[in-house]
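Report on the structure
The lines below spell out each chain.
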Amino acid sequence: MPHPTLIIPFALAPAEHAKDLLAILQAPSLAQLLSHACAVRRDAFEPYAPLLPHEQRLIGSRLDNSPEIAHALMQQLGMPTEPGYWFVLEPAHFHVARDHLVLTDRRQLTIDDASSRTLFDAAYPLFEELGYTLRYGDAHHWLLRADGWSELRTCTPDAACGHNIDVWLPTGSGERDWRRLHNEVQMLWHTRTINDTREQRGERRVNALWLWGGSAGLDGQAAQQHAQAAGLQELARCSLGRPGAPTSNDNELRLMDVLMGPALTGDWSGWLTAMAKLDASHISPLLTQLKLGGIDGITVVCTDSTRLHEWQLRRASMRKFWIRASLARLAP
């Protein structure tokens with residue numbers, strides 16, 4: 001019998017706003033689900049981990065590096081999964097704060113295919129000259145082969161978003177080579193008119209690249225099994241803006257990332273709106289399926305930047321009609 005798992009990043013209300021947010025949040029189905037469910041996991045994570053709690057839950061283990069996602073992303077993009085050690089390379093915007101640089105939320109960086117290809121074509125010779133292979137995936141995702149950087153520790157863009165980038169930049173063997181190359185790309189792009197044109201249109205400059213997700217090209221079946229791992233595929237879909245696609249088994253995994261943009265930028269009005277829509281479009285239908293016997297149970301995983309709470313709901317628990325629906329479990 002199907003038992004889907006719904007992972008909702010940043011569904012846990014922030015401590016400083018929890019009381020006010022939960023008092024006006026319109027999510028009746030989630031309130032009913034959480035009130036009847038059994039808690040199965042409650043974890044705390046380090047504040048400077050290289051990936052967020054929901055990303056660790058998808059991968060299934062605590063890592064000290066960003067997930068090995070490059071080859072899974074190649075599959076999602078319909079690209080051949082070439083041998084070698086590959087990284088995801090994302091065009092990005094660094095915001096200048098008072099005394100440091102901050103990585104802007106990638107969801108707020110509007111870039112079309114033509115603009116991205118123009119930037120890619122300008123940067124390509126710099127990589128080729130140094131013996132690195134650069135591939136274009138789509139407007140927001142390029143792929144870089146750098147076999148000598150397999151020990152490099154990188155962080156996911158969502159983990160680093162909104163923070164001083166000094167803490168999150170790649171470290172380890174290959175660090176200096178990457179920073180030198182990245183600086184050359186930044187200087188090159190600074191001289192190109194494309195960024196001036198973007199600013200005139202009210203768009204952010206593309207003034208940086210974010211390197212993460214390094215993975216090794218394995219041989220044969222091992223490579224295919226690794227790239228097809230459910231957690232990596234769901235994370236890849238989320239990175240491409242395609243979350244929620246079911247897997248091929250009954251215990252399907254659904255990553256719903258609609259709260260991340262508002263939460264990472266502190267847009268709590270947007271967070272309330274997104275949560276209400278998520279409740280109506282996904283949680284309510286799942287709850288109906290559970291009541292009608294179409295699924296056996298529901299697992300819900302809610303996170304923020306350092307916490308992960310997980311609950312399981314079985315159909316039998318819904319018979320406890322005396323339990324009052326509440327969103328209190330989303331509070332700290």
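Since the model is a prediction, treat every value here as computed from it, not as a measurement.

**Quick notes on the packing of helix H2 (residues 28-36) against helix H12 (residues 268-292)**
Two elements in contact, H2 and H12, have axes whose closest approach is 7 Å; the angle formed by their N-to-C orientations is 50 degrees. Relative to H12, H2 is oriented oblique. Helix-helix and strand crossings are classified by hand; for H2 and H12 the assignment is left-handed. The residues of H12 that touch H2, namely those facing Pro-28, Ser-29, Leu-30, Gln-32 and Leu-33, are Met-275, Asp-279, Ile-283, Ser-284, Leu-287 and Lys-291. Split by residue class, the contact of H2 with H12 holds 6 nonpolar, 3 polar and 2 charged.

**Observations regarding the sheet that holds strand S9 (residues 253-255)**
Sheet architecture is open: 5 strands sit in the order S2-S11-S10-S1-S9, paired in mixed fashion. One side of each edge strand has no neighbouring strand; the edge strands of this open sheet are strand S2 (38-44) and S9. Mean inter-strand twist for the sheet, computed between neighbouring axes without regard to direction, equals 15 degrees. Alignment of strand S1 (residues 5-8) against S9, held across 3 bridges, turns out to be parallel. Across the sheet, the residue bridging to Ile-7 is Leu-255, located in S9.

**Section: the sheet that holds strand S3 (residues 84-92)**
Across the sheet, 4 strands lie side by side as S6-S7-S3-S8; this open sheet has antiparallel pairing. Whereas interior strands pair on both sides, the edge strands pair on one side only; in this sheet they are strand S6 (133-138) and strand S8 (208-217). Here the average twist between neighbouring strands, direction ignored, is 25 degrees. Strand direction decides the pairing type here: S3 and S8, joined by 8 bridges, are antiparallel. Of the residues in S8, the one forming a bridge with Trp-86 is Ser-215. Those strands touched by helix H5 (residues 113-129) are S3, S6, strand S7 (141-145) and S8, and its axis lies near 175 degrees from that of S6. Docked against the sheet, helix H7 (residues 175-190) engages S3, S7 and S8, running at close to 140 degrees with respect to S8.

**Points about the packing of H5 against H7**
Running from N to C, H5 and H7 cross one another at 140 degrees; their axes reach a closest spacing of 10 Å. Looking at the two axes, H5 sits oblique to H7. Pair H5 / H7 crosses with right-handed handedness. Residue-level contacts link Leu-119, Ala-122, Ala-123, Leu-126 and Phe-127 of H5 to Trp-178, Leu-181, Glu-184, Val-185, Leu-188 and Trp-189 of H7. Residue classes in the contact of H5 with H7 are distributed as 10 nonpolar, no polar and 1 charged.

**Examining the pairing of S3**
Here S3 lies mainly inside the structure; 9 of its 9 residues are buried. Going residue by residue along S3, you find Gly-84, Trp-86, Val-88, Glu-90 and Ala-92 tucked away on one face and Tyr-85, Phe-87, Leu-89 and Pro-91 tucked away on the opposite face as well. Where S3 and S7 come together, 4 bridges link them in antiparallel fashion. Paired with Val-88 across the strands is Leu-143, a residue of S7.

**Regarding the packing of aromatic side chains**
Across all of its chains, the model carries 12 aromatic pairs by this definition. The interplanar angle of 90 degrees and the centroid separation of 5.1 Å between the aromatic rings of Phe-120 and Trp-142 together place this pair among those described as edge-to-face. Pair noted here: Phe-120 is in helix H5 and Trp-142 is in strand S7, with a separation of 22 residues, a long-range link. The buried category is assigned to Trp-142, whose relative accessible area is 0%. With a centroid separation of 4.9 Å and an interplanar angle of 45 degrees, the aromatic rings of Tyr-132 and Trp-149 are classed as tilted. Taken together, the residues span a long stretch of sequence, with Tyr-132 in the loop between H5 and S6 and Trp-149 in the loop between S7 and helix H6 (157-160) at a distance of 17 residues. For the pair Tyr-132 and Trp-149, one class covers both residues: buried.

**Some remarks on the pattern of salt bridges**
Tallying each qualifying case throughout the model produces 21 salt bridges. We note a salt bridge from Glu-310 to Arg-57, for which the minimum N-O separation is 3.0 Å. Of this pair, Glu-310 sits in strand S11 (residues 307-314) while Arg-57 sits in helix H3 (residues 53-59), placing them 253 residues apart in sequence. Arg-57 matches Glu-310 in its accessibility class, with the two residues each being buried. Measuring nitrogen to oxygen at the nearest pair gives 2.9 Å for the salt bridge that ties Asp-147 to Arg-145. For Asp-147, a relative accessible area of 42% translates into the label partly exposed.

About the cut-offs
Residues numbered from 1 in each chain as written. Predicted model: local features only at pLDDT ≥ 70, side-chain atom pairs only at ≥ 80, totals over all residues. Heavy atoms only, no water. Axes fitted to C-alpha atoms, helices over the stretch in contact; angles between N-to-C directions. Helix = DSSP H or I, 4+ residues; strand = E, 2+ residues; numbered from the N terminus. Parallel < 35°, antiparallel > 145°, perpendicular 65-115°, else oblique. Left-handed = near helix turned anticlockwise from the far one by under 90°. Contact = heavy atoms within 4.5 Å. Nonpolar A, V, L, I, M, F, W, Y, C, P; charged D, E, K, R; others polar. Pairing = 2+ DSSP bridges. Buried < 20%, exposed > 50% of the residue type's maximum accessible area, 1.4 Å probe, protein only. Phe/Tyr/Trp six-rings, centres within 6.5 Å; stacked < 30°, edge-to-face > 60°. Salt bridge = Lys/Arg side-chain N within 4 Å of Asp/Glu carboxyl O.

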